Amino acid sequence: MAQEMKVEGRVQKSNKLRSQLRTDLIGLGFIAPWLVGFLGFIVGPMLVSLYFSFTNYDLLSTPVWIGLENYVQMFTNDDRFWKAIRVTFIFVFGSVPLKLAFALFVAMLFNTKRRGVGLYRTLYYVPSILGGSVAIAVVWKQLFGMNGAINDVLGFFGISGTDWVASPDFALSTLIILVVWQFGSPMLIFLAGLKAIPYELYEAASVDGANPVVQFFKITLPMLSPVIFFNLVMQTIHGFMAFTQSFLITEGGPMDNTLFYAVYLYEKAFAHFDMGYASALAWVLLLICALFTAFIFRTAKSWVYYESEGGN
Amino acid sequence: MRQKVKKLLWVMMLLFLVGVLVACSSGEESNASNEDTDNNASDNEEASQDSGKEEVELRILWWGSQDRHDRTLEAIDLYMEKNPHVTISPEFTGWDGYWEKMATQAAGGNLPDIVQMDYKYLSEYVGKDLLANLNPHVESGALDLSDVEDVYIDGGKIDGGLYAVNLGANSHAQAYDPAMYEKAGVEPLEPGYTYDELISKSQELSEKLGDDVYGIQPSANVMGFKHYLRLHDKWLYNDDGTGLGYEDDQLLVDFLQVIKELIDSGAGTPPELFKSAGSNIEQQSIVREQSAILMELHSNQLVALEQAAGRDLELMVQPMIEGGEKGHYIKPSQFFSVSTHSEEQEEAAKFIDFITNDLEANEILNAERGVPIAGEVREHLKSNLAPAGLKMFEFVELVQDYAREIDPPDPQGATEIESLFENEVEDPIYYGEVTPEEAAQNFREKATEILAKNK
Amino acid sequence: MMKNKKTRTLLYHGGIWALGFLMIYPILWTIASSLKPESEIFRNAASLIPTEWNWGSYAQGWEGFGNLTFTTFFINSTFVTTMVVIGTLFSSTLVAFGFARVNFRFRTPLFVCMIVTLMLPQQVTLIPQYILFHNLGWVNTYLPLIVPAFIGGIPFFIFLMIQFIRGIPRELDEAAYMDGASTFSIFWRVVLPLTTPALATVAIFSFYWTWDDFMTPLVYLNDTKLYTVALGLQMFSDPSSVSAWAPMFAMSVVSIVPQLLVFLFFQKYLVEGITAGSVKG
């Protein structure tokens, strides 16, 4: 009897192993495109940049190994690094929640079958399409400038404005408003997420007499949580890496008050020819991003609901 | 099993790292071997076709806007027509991204034969041995500079070697609106005026032009300070670029005091009115008739300024100090350089010679890059220039009376010094965040640290 | 009751239009500036109506540079962008399905690797990557622009698809599996059709990002005949001398048209998602 069980166990084990191997192969097969790209084109350059971060590398001549010097310099003797950290944190914590809330709000507004909704969606997506060309930088500066449309509107209400972009006090807030304005991409993702929620759930809830507010909290939010999670992670990472707004519009100024981390990094790399230092900055940014992302992933277990795993 | 796969993964990653590192370091080697094969190829060609010159291909890279692209492309076509054995492939972009493109190509050992250079980057590129010394080609006559005065050439020289040929002469200048002077009933300044006169003139304009219109858009940028230093026979950097070139912080304090007075007295536009314009010449306050004088620009920018303003403006030299030196210098607007990656440096030099001396080519180019450096070309173009262009020509001639020789190109790390100046001196002064004394001291401390790296 | 509904509809549309004006203001400004004479763009910047209608900028802009017109740029951009969209759809769906549905070993570490690649700023990998592509002989071809899309070069899309696939009930797969379907046919016949809204989103984003990107083409393309629209736009501007603003604004407006068309086309699938998504949950 015992003998039998042992044999059975071994057979099961080897069956299990075989089926696991099969699964491995299938899985690797599916992710093969990415794996090839990752190993062929991503890992190498990433590790090279890690190597650069331990060198003195001016882009144009051979890197010279200097150990941890870049990192030491950064943490002990670089005011602008700390300034950039501060600015970037304010930017991320100011813009991400606002942008997501606004995007969700607009997505809900457009998640109907009313006439003209397709056109509205397009209109509201326009600011995001405009992106980061030179032309657009001029538009934003114009809009928030002393003689711009924002001040015209404020003047209508009797408030006298300033040059929002050039003001040391308001420049950063202006950039935050600007990225909130470009809420198009999370909005679209929310919209796609909303569309994927089975309509029957709402029908059943209505039958049970749940009002729209209850429906929102009991159905919409949980069903949308994978997408909220995605947007939160991506917007946080994008926030930390934000570059264009500051680079094109305020050029980091006035007085470094909009010095985004990525802008500082860029300046080091391509204006000051200090690619070694820039690489070190990049890896510190990666660590910061990773910490926050890991934190979001940790908490996800308690608030993200997956239909596919819901049954378990 | 699991262990094994894990190990395998690590080994693969390592292999990739090694591969890429090798690829990086062999960048130069592979370039060298290219050169070998190319030489062989050209040897063969030479052997096969004794008659006629060997075929040459040149790559050329510049930045600019629509007008420059059109004109330069036409000039290149003309060159290829006149020199059928040369094929030039033009590569051109806007200003944005140009230096990233340059840097990546330099790192990849793949710079074009001819590149457009800026004065600001010259010593960085020469210091890294990326630009070829053109002296041999000047001596051989491939690059004929006999019609060019030294003031126009010196900007491209480092330690006696010519690394860059000026494409157009330029100068630091002020711009003013004669109509606004007239409206205010104020006589314009005369060249040779002092900083005090500038202040009182601006105040007068400000008072007479009414609310929300100011005399001058002040500028505390590094260009203005360099001018101020030159008036005192000093330069921002010392001779070997290892430290600041002036000892007395009072110089910077005095300069900043001028700007502060302009802003505080209401003679100058408040920073909110000009700060967001940044480097966009079209968004300066003079365009909107909010100030009568623009304190800082380059003379070739007058064309853009007039175009945006839609009215006539004039150029004016910068202030003097009593008993001081001459502050101006002839600034190269941009250069053509030959890269050391080029295998056809002689041919590249010949093309630069063509752009410098050929009358027909310069009729096409029409001084779009600044006042041409060859005397004959300059005379030839003068007769059929548009008014804005003519003003630029005349100004560059006028400036020679207020100019002396150019200082050596900025040392390595200069771009960092310039952003330091902007962040720790210029902006805080505009917004009244620091006193001139604090700014001057702070600047010295940090600048000394940056420049010490060159020791 | 009836009246109440009418007011609500009115309020809805009125509110959306009011906010909508703010949304499209920048594009209105760009259109207005493209029609102003150069001397008016910055002097009379706040006005949305030109005093003088200057249609010439469109022709002047389209003519481009030398023999190089925007016709070339648009053809190039269309080609590159189409390839990238196809590549992104291909790689992101396959890879996402693998991560979301197949329980292979090393799934989590590999997923972490993928997310981490999102966090390193491009500026520092630009040069090693350039050297890599240079040694492969890919510089001055479209390969560095297109190939990464096919091999999941933008993990954003993979992650997005993963999230959507995880939202699809697993019972559907299991039912198909019981019927003897292979993993691939579950992917192809069961999961993929249910992700239509997500696919539309991926298509819209990858189109827009590629269309708008100028750094990658700028660095990797040398021959101007290969240049894309985004590069063409950037070639009008030179702050150190004279920029051609009106033609640049004109071409900016023209370059937005394909993006709007693509958006209008694909957003329909966001709507159709309703029916697809409601297949018995």
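Residues numbered from 1 in each chain as written. Chains lettered and ligands numbered in written order. Predicted model: local features only at pLDDT ≥ 70, side-chain atom pairs only at ≥ 80, totals over all residues. Heavy atoms only, no water.

Let us now look at the overall build of chain B. A tally of regular secondary structure across chain B gives 18 helices and 13 strands. Residues classed as buried in chain B amount to 60% of the 455 residues present. The long-range fraction of contacts in chain B, counting pairs at least 24 apart against all pairs at least 6 apart in sequence, stands at 75%. Here chain B has roughly 18,100 Å² of accessible surface; of this, 46% comes from carbon and sulfur atoms. (Helix = DSSP H or I, 4+ residues; strand = E, 2+ residues; numbered from the N terminus. Buried < 20%, exposed > 50% of the residue type's maximum accessible area, 1.4 Å probe, protein only. Contact = heavy atoms within 4.5 Å. Areas by Shrake-Rupley, 256 points an atom, 1.4 Å probe, with all protein chains shown as cover.)

We now examine the domain arrangement of chain A. Residues and elements named next belong to chain A. In terms of domains, chain A is made up of domain 1 (2–52) and domain 2 (68–310). Across the boundary between the two partners, domain 1 contributes four residues, which contact six residues of domain 2. Summing both sides of the interface, domain 1 and domain 2 together bury roughly 420 Å²; the carbon and sulfur share of this comes to 67%. Counting the surface domain 1 buries against domain 2, the share from its top three residues, Met46, Leu50 and Phe52, is 79%. (Domains from an automatic or database assignment. Buried area = accessible area lost by both parts, 1.4 Å probe.)

Residue and element names in this part refer to chain C. Two numbers describe how helix α4 (residues 70–101) lies on helix α8 (residues 155–166): the axes approach to 8 Å, and their chain directions differ by 50 degrees. Between α4 and α8, the angle is such that the two are oblique. Both α4 and α8 take part in a crossing whose hand is right-handed. Together, Thr88, Ser92, Thr93, Val95, Ala96, Phe97, Phe99, Ala100 and Arg101 of α4 and Phe157, Ile158, Met161, Ile162, Ile165 and Arg166 of α8 make up the contact between the two elements. (Axes fitted to C-alpha atoms, helices over the stretch in contact; angles between N-to-C directions. Parallel < 35°, antiparallel > 145°, perpendicular 65-115°, else oblique. Left-handed = near helix turned anticlockwise from the far one by under 90°.)

Residue and element names in this part refer to chain C. Between the first and last C-alpha of α8 there are 16 Å, a value that for twelve residues agrees with the 16 Å anticipated at 1.5 Å per step. Burial analysis of α8 places eleven of its twelve residues in the buried class, the great majority of the element. Those residues of α8 lying buried are Pro155, Phe156, Phe157, Ile158, Phe159, Leu160, Met161, Ile162, Gln163, Phe164 and Ile165. (Expected span 1.5 Å × (residues − 1).)

This part is about the nonpolar core. Taken as a class, soluble globular proteins show a tendency for nonpolar side chains to be buried jointly. Of all hydrophobic cores here, the largest spans 350 residues; its most connected members are Tyr125(B), Phe443(B) and Phe99(C). At 14 residues, the largest contribution of residues to this core is made by helix α13 (residues 275–303) of chain A. Filtering out sequence-adjacent residues up to four positions away, Phe99(C) remains in contact with Ile31(A), Trp34(A), Phe104(C), Arg107(C), Leu110(C), Phe111(C), Met114(C), Ile158(C) and Ile162(C). (Core = buried A, V, L, I, M, F, W, Y, C linked by side-chain atoms within 4.5 Å.)

Helix packing geometry: the angle between the two helix axes and the distance between the axes. It is the contact of helix α8 (residues 184–195) of chain A with α8(C), at a shortest axis distance of 11 Å, that shows an interaxial angle of 25 degrees. By the criterion of interaxial angle, the relationship of α8(A) to α8(C) is roughly parallel. Between α8(A) and α8(C) the crossing geometry is right-handed. The segment α8(A) lies against α8(C), with Ile189(A), Ala192(A) and Gly193(A) engaging Phe156(C), Leu160(C) and Phe164(C). Split by residue class, the contact of α8(A) with α8(C) holds five nonpolar, one polar and no charged. (Nonpolar A, V, L, I, M, F, W, Y, C, P; charged D, E, K, R; others polar.)

Right, let's talk about the pairing of strand β2 (residues 86–93) of chain B for a bit. All names here are of chain B. By the criterion of burial, β2 is predominantly enclosed, with six of the eight residues buried. Sheet analysis places strand β1 (residues 56–63) next to β2, joined by eight bridges and oriented parallel. Each residue of the ladder has a partner; that of Val56, found in β2, is Val86. Crossover handedness for the path β1 to helix α3 (residues 66–82) to β2: right-handed. (Pairing = 2+ DSSP bridges. Right-handed = clockwise from strand over helix to strand, strands pointing away.)

Quick look at the sheet that holds strand β10 (residues 291–298) of chain B now. All names here are of chain B. In spatial order, the strands read β9-β10-β8-β11; together these four strands make up an open sheet with mixed pairing. The open sheet has two edge strands, β9 (214–217) and β11 (314–316), and neither has a second partner. For this sheet, the mean angle separating the axes of adjacent strands, direction not counted, is 25 degrees. As paired strands, strand β8 (residues 172–176) and β10 are joined by four bridges and run antiparallel to one another. Of the residues in β10, the one forming a bridge with Ala173 is Leu297. Along the sheet face, helix α16 (residues 387–399) touches β8 and β11 and points at about 15 degrees away from the line of β11.

All right, on to the domain arrangement of chain B then. Bring the parts together and some accessible area is lost; that lost area is often taken as the interface size. Residues and elements named next belong to chain B. What the domain assignment lists for chain B is domain 1 (55–169 + 332–399) and domain 2 (172–327 + 413–452). Computed from C-alpha atoms alone, the centre-to-centre distance between domain 1 and domain 2 is 30 Å. Of the residues lining the interface, ten residues belong to domain 1; the matching set on domain 2 comes to 17 residues. A buried area of about 1,100 Å², summed over both sides, lies between domain 1 and domain 2, and 67% of it is on carbon and sulfur atoms. Per-residue buried area on domain 1 facing domain 2 is highest for Lys391, Met392 and Phe395; these three make up 49% of the total on that side. Asp312 is paired through a salt bridge with Lys391; the nearest N and O atoms lie 3.9 Å apart. One can count three residue pairs in polar contact (both at pLDDT 80 or more) joining domain 1 with domain 2. (Salt bridge = Lys/Arg side-chain N within 4 Å of Asp/Glu carboxyl O. Polar contact = N/O pair within 3.5 Å; in protein donor to acceptor, adjacent residues only side chain to side chain.)

Next up on the list: the environment of Gly97(B). For Gly97(B), the location among the structural elements is in the loop between β2 and α4 (98–107). Taking C-alpha positions, Gly97(B) is 32 Å from Glu55(B), a pair spaced 42 residues apart along the chain. Those residues in contact with Gly97(B) that lie beyond four places of it in its chain are Met215(C) and Leu218(C).

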